[in-house]
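Overview (structure and organization)
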Amino acid sequence: MKLSLVFATAISSFFVSAIAGFGFSNQANALTFSGISSATWGEPTPGSIDTDPIYTGVGSNTFNWGDYNVCPASPNTPSGCRITGSNKLTFNGSSFSTDINSAFKIADLTYFNGTVFLGTSVEFVPLNINVSFSLPTEISEVFDFKFHLENTLNEATDPEKSADFVFIDTNLSNHSFTFEGNKYTLELTGFNPDVSQISIKALEGATTTTAIYAKIKTVPEPATVAGLFLLGIYLISRKKFGHVDETQRQH
């Protein structure tokens, strides 16, 4: 038996396994998941210039950061200076019903941009999203994400330059759950269901409220991934050796 035939036979067996696994995955993709979300903020990470970080709300759905006593609370407060309060993020969960790989609203995020002392902010804060499923199974799962908080220096003459930003780290969670033999995970896709938008902004002293979107995705099994990879090699080798055999027949 030629070596090429042995190689092709071995790969074809992987091909059969991969196709079987792929078909099983397609059945999983037909599912609809329903449930409700909630979340709590975790312990934040200060930035390099945040020498005296101040924050509250760890373990709750509302997170505050930064010392907001920018102006002395007295009749002699300098003109144009005001106490607005600290920065604030509030996660309000919502109910949902979604197909696999379809973007759906998982929550609303409210962001208030306060005026705070330099050095009292934080740069990153984790968010632990709890999803309580009602269909097709009654289970609760927690998915971990991280938000990047970009606090800018205020510019008195340009409100846009004083705006602060919140970014979602969409690639952080690697938690998965199993239902009927298939693995799934939750991915945050951003603040827009149709285009990539992973950040929002709020002007100084203003509030921005927007929806957060997510997808429930299947997690491919390693054997299936390997099988599909070998399938590509098999098709290439089949074409190559077939061309060689045809050339030999012509000679």
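Higher on the page you've got the structure.
One structure accompanies this document, and this report is about it.

So, how was this worked out
- The numbers attached to residues start from 1 for each chain and follow its sequence in the written order.
- Predicted model: local features are reported for residues with pLDDT of at least 70 only, side-chain atom pairs are reported and counted for 80 or more only, and whole-chain, interface and lining totals are derived from all residues.
- The basis for every side-chain value is the complete set of non-hydrogen atoms in the structure, without hydrogens or water.
- In this scheme, a residue with accessible area under 20% of its type's maximum is buried, one over 50% is exposed, and one in between is partly exposed, where area comes from a 1.4 Å probe on protein chains only.
- Labels follow the DSSP assignment, with helices taken as runs of H or I lasting at least four residues and strands as runs of E lasting at least two, numbered in each case from the N terminus.
- Paired strands, in this sense, are two strands between which DSSP finds at least two bridges.
- As defined here, a cavity is a set of points on a 1 Å grid over the protein atoms alone where a 1.4 Å probe fits but cannot get out. A pocket is an open set with protein on both sides within 12 Å along at least five of seven lines, and residues line them when an atom is within 4 Å of a point.
- Grid points are joined across faces, edges and corners, and a volume is the space filled by probe spheres set on the points.
- Polar here means any residue other than Ala, Val, Leu, Ile, Met, Phe, Trp, Tyr, Cys and Pro, which are nonpolar, and Asp, Glu, Lys and Arg, which are charged; Gly is therefore polar.

A one-sided burial pattern is seen for strand β10 (residues 176–179), the buried positions being Phe177 and Phe179 and the unburied ones Ser176 and Thr178. Looking at chain direction, β10 and strand β11 (residues 182–190) are connected through four bridges and run antiparallel. Paired with Ser176 across the two strands is Thr185, which belongs to β11. From the end of β10 to the start of β11, which pair antiparallel, there are two residues, and Glu180 there has a positive phi angle of about 50°.

On to the sheet that holds β10. With antiparallel pairing, the seven strands of this open sheet are ordered in space as β2-β3-β4-β6-β13-β11-β10. Only two strands of the sheet have a single neighbouring strand rather than two, namely β2 (55–56) and β10. Direction of pairing for strand β3 (residues 62–65) relative to strand β4 (residues 87–93): antiparallel, over a ladder of four bridges. Residue pairing for β4: Trp65 is matched across the bridge by Asn87.

There is about 350 Å³ of room inside the largest pocket. Surrounding the largest pocket, 24 residues form its lining, Ile49, Leu118, Ser121, Asn151 and Thr152 being those nearest its centre. For the lining of the largest pocket, the leading source of residues is strand β8 (residues 140–150), giving three residues. By residue class, the composition of the lining of the largest pocket is seven nonpolar, twelve polar and five charged.

Moving on: unusual backbone geometry. Trans is the common state for peptide bonds, and a negative phi is the common state for residues other than glycine. That bond from Leu135 to Pro136 is cis: its omega, -5°, falls within 30 degrees of zero. As for its position among the elements, Pro136 is in the loop between β7 (124–135) and β8. One non-glycine residue, Asn101, lies in positive phi territory at about 65°. When you line up the elements, Asn101 lands in the loop between β5 (95–99) and β6 (104–112). The exposure class of Asn101 is partly exposed, given its relative accessible area of 35%.

By themselves, these are just geometric observations and shouldn't be taken as functional.
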